[in-house]
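Observations on the model geometry
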Amino acid sequence: MLLIPLFMALVAISVINVALPAIGESTGASSGGLQWVISGYALAFGVLLVPSGRAGDVIGRRRMLLVGIALFTLGSLMAGLAQDIVVLNIARVVQGLGSGLVNPQAIGLIQQHFRGQERAKAFALMATTVAVATAVGPVIGGLLIQILGNDAGWRWMFFINVPLGLASLLLGLRWVPNDRRRPDQKLDLDPVGTVLLAVAVLVIMLPFMERGAGAAVWALMPVGLALVAAFVLWEKRYKGRGRPPMVDLDIFRAESFRNGILIVTAFFMGMTSIWILIPLYLQMHLHHSAFESSIVGLPSSVGAAVSSQIAGRYVMTLGRRLVIAGFVVAFIAVLGVVLVAGPVESGSLPYWAFAVPLTLIGVSQGMTIAPNQTLTLNAVDPKFGGVAGGVLSLGQRVGTAVGTALIPGVLFTLTEGGTAWPTSFRISMGLIMVLIVVATAFCMYDRKRERAEADA
C-alpha cells in the first residue's frame, strides 16, 4: 500500500518534463511560469521532508501519511482543472506538500515494522518503485499527449492520480497500523526549529531552481548556510532545556548515517542529471520526438527493478561492498553512453542504442540506492525513523537540485558559447563520472571504517 502514493509522487516529478511544451501552448505560459511547474513542486517537497518526518514520529505516521495522500490527490485534481499557469503552479505546490508528507512516513513505517533482512527487502521494493516511476512517467505523459492531444493530454496526466489517491486513502485506513499519539503524551513539535530548517532549505535550494533570476540569487546561499548554523545551535539549546528537538542531533553521531547522506547526495547530484541530458541530446541535437527519447530509458527501469530485488537479498551480507560494486557499474555505464554517442551521431548505430548503457545505469541504481538506504538507516533508532528518513531524502533532493542545475547548465553554456554538441555532451558526462568517483570514495571510506570496527 505504501508504494502506491510513493509511485504517484515520483511520477509527478518525471512525467512533467515531456508535458511542458503542451502546458505552455494550452495556458499561454511564459518560460518562467513553466519553470515553476517543476520548481514549485520540488521546493515544496524538499522543504517539508524533515519537519513532516518529525511530525510523523510524534503525532503518528499513519495520520501524516493519509494527510499527505489527501493533499497530493487534491493538488492533482486542481492541476487537471487549472485554466491558467498561476492556478497550475499553486496546485503543483499542493502536490509537493503532499509528497513531502508521504515520503518520510513510508520510510518511517518500514523502519518501525521491519527488521534485518525483511527491512532490506522492503527498501528494495521501494527502490523498484522509484525506478519504474522515474522511467514510465515520461512515457505515460508522451502517450497521453499523443492520444488525447496537447490540452487534454497534460490534464489527464494529473487526473489519473485522483482514483489512485482515493484508493490509497481507503487502503491506508484499512492496512496501515494506527500509531496515534496517546492523549497523555505532551505534543512538542519544536516550532522554532521547524521554521528555521524549512526556511534554510528553501533559501539554499532556491538558487538552483530559479535559474533565470541572475547572479544576485546566489547571494541567498550564505544566508541559507547561516540559517543552518542557527538551526543547529537552536536544536542543541532546545534539547539542553529538556525539550525534544525536531532533529535530535545525536543521530549524526553514527558515522554510518553521516557517510550515507554524503554518499547519496553525491550520487544523486550526478546520476539524476543523465535523464535530462539524454532527452536534450536526442531532441535538441538529433531531432527525435519526446516519445522516442522517453522510451530509451524504459529498459533501465527493468534493470533497476531486477537488480534492486537481488541487492535486497544480499545487502545485509555484503554491506558497502555491494554499493561500491554498483558505483563501478554506474561509472562503466556512463562511459558506455559517451562511447555510444559517437556512432549514434554518425548514423552507424540507431538512437535506441543508448538503451544498452542506460540499462546498466538502472542496474547500478538498484545496487546502490536501496542498499545505501538500508545500511544508512540501520544506524538510527527506529523511533527516529521518520526524521532520519526525511534527512536522507533531503540529501537526495538537494543532490538532485544541484546536479540538475549544474550539469545541464554546463551543457547549455558550452553549446551557446559555440562548443559543438558532441563535445559539450561528453564534458557533461565527464562531470557525472567525477561525481560517481566522489560517491565511491565516500563509500570506500565507510567500508574501511566498518572493517576497522569489526577487527576491533
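What you see is a predicted model; the values in this text were computed from it and never measured.

Direction vectors running N to C along helix α3 (residues 31-59) and helix α9 (residues 191-209) enclose 150°, while the axes themselves pass 9 Å from each other. Taken together, the axes of α3 and α9 are roughly antiparallel relative to one another. For the pair α3 and α9, the crossing hand works out as right-handed. On α9, the residues that touch Q35, W36, S39, A42, L43, G46, V47, V50 and P51 of α3 are T194, L197, A198, V201, L202, M205, L206 and M209. Its residues assigned to classes, the contact of α3 with α9 shows 13 nonpolar, four polar and no charged.

Okay, the layout of surface pockets next. The calculated volume of the second largest pocket comes to roughly 640 Å³. Of all the secondary structure elements, the ones that give two or more residues to the lining of the second largest pocket are α9, α10 (220-240), α11 (255-271) and α17 (385-416). Taken together, the residues of the lining of the second largest pocket break down into 19 nonpolar, two polar and one charged.

Moving on, we come to unusual backbone geometry. One non-glycine residue, D190, lies in positive phi territory at about 50°. Among the secondary structure elements, D190 is positioned in the loop between α8 (161-175) and α9. Here H287, not a glycine, exhibits a phi torsion of approximately 65°, which is positive. Its place among the elements puts H287 in the loop between α12 (274-285) and α13 (290-295). Residue H287 is classed as exposed on the basis of its relative accessible area of 66%.

Attention now moves to a nonpolar patch on the surface. Together, L143, I147, L148, W156 and I160 line one region of the surface with nonpolar side chains, adding up to about 460 Å² of accessible area. When residues of the nonpolar patch are assigned to their parent elements, the largest contribution, three residues, is made by helix α6 (residues 116-148). Note on placement: I160 falls in the loop between α7 (150-159) and α8.

A word on the nonpolar core. Core analysis: the largest hydrophobic core is formed by 129 residues, its most contacted members being F354 and M429. At 13 residues, the largest contribution of residues to this core is made by helix α15 (residues 320-346). Not counting chain neighbours up to four residues away, the residues in contact with F354 comprise I278, Y281, L282, V296, V337, V340, A341 and V344.

Here we take up the packing of α11 against α15. Two elements in contact, α11 and α15, have axes whose closest approach is 13 Å; the angle formed by their N-to-C orientations is 15°. The angle between α11 and α15 falls in the class roughly parallel. Crossing hand, α11 versus α15: left-handed. Residues S256, G260, I263, F267 and M271 of α11 form the contact with α15, whose own contacting residues are R320, F327, A330 and V334. Residues belonging to the contact of α11 with α15 are distributed by class as follows: six nonpolar, two polar and one charged.

Turning next to the confidence of the model for the chain. Confidence along the chain averages 87 in pLDDT terms, with 97% of residues attaining 70 or more. Taken element by element, the chain is modelled with least confidence in α13, mean pLDDT 76, and with most confidence in α15, mean pLDDT 95.

Moving on to the pattern of salt bridges. What the rule picks out here adds up to nine salt bridges. The partner of D446 in a salt bridge is R320, and the shortest N-O contact between them spans 2.8 Å. With D446 in helix α18 (residues 421-455) and R320 in helix α15, this residue pair connects regions lying 126 residues apart in the sequence. For R320, a relative accessible area of 0% translates into the label buried.

Attention now moves to the side chain of Q95. Tracing the chain through its elements places Q95 in helix α5 (residues 85-113). Note on Q95: relative accessible area 0%, which makes it buried. A polar contact is formed between the side chain of Q95 and the side chain of R92, at a distance of 3.0 Å. If sequence neighbours within four positions are ignored, Q95 has contacts with A12, Y41, F72, G75, S76, F158 and N161.

The next thing to look at is the packing of aromatic side chains. Per the stated rule, a full pass over the model turns up 11 aromatic pairs. Summarising the aromatic geometry, the rings of W154 and F158 are spaced 6.1 Å apart at their centres and angled 85° between planes, so their arrangement reads as edge-to-face. Here W154 pairs with F158, and both are found in helix α7, just four residues apart, close to one helical turn. Cluster of aromatic residues (ring-pair linked, three or more members): Y281, F354, W421 and F425.

Position of N259 relative to the elements: it lies in helix α11. Beyond its immediate sequence surroundings of up to four residues, N259 is in contact with Y445, D446 and R449.

This part covers the environment of E118. Tracing the sequence through the fold places E118 in helix α6. Residues E118 and G312, 194 residues apart in the sequence, show an inter-C-alpha distance of 8.8 Å.

Cut-offs applied
Residues numbered from 1 in each chain as written. Predicted model: local features only at pLDDT ≥ 70, side-chain atom pairs only at ≥ 80, totals over all residues. Heavy atoms only, no water. Axes fitted to C-alpha atoms, helices over the stretch in contact; angles between N-to-C directions. Helix = DSSP H or I, 4+ residues; strand = E, 2+ residues; numbered from the N terminus. Parallel < 35°, antiparallel > 145°, perpendicular 65-115°, else oblique. Left-handed = near helix turned anticlockwise from the far one by under 90°. Contact = heavy atoms within 4.5 Å. Nonpolar A, V, L, I, M, F, W, Y, C, P; charged D, E, K, R; others polar. 1 Å grid on protein atoms, 1.4 Å probe; cavity = no way out; pocket = protein on both sides within 12 Å on 5 of 7 lines; lining within 4 Å. Points joined across faces, edges and corners; volume = space filled by probe spheres on them. Buried < 20%, exposed > 50% of the residue type's maximum accessible area, 1.4 Å probe, protein only. Patch = residues over 30% accessible without salt bridge, like charges linked within 9 Å, V, L, I, M, F, W, Y side chains within 5 Å. Areas by Shrake-Rupley, 256 points an atom, 1.4 Å probe, with all protein chains shown as cover. Salt bridge = Lys/Arg side-chain N within 4 Å of Asp/Glu carboxyl O. Core = buried A, V, L, I, M, F, W, Y, C linked by side-chain atoms within 4.5 Å. pLDDT = per-residue confidence, 0-100. Polar contact = N/O pair within 3.5 Å; in protein donor to acceptor, adjacent residues only side chain to side chain. Phe/Tyr/Trp six-rings, centres within 6.5 Å; stacked < 30°, edge-to-face > 60°.

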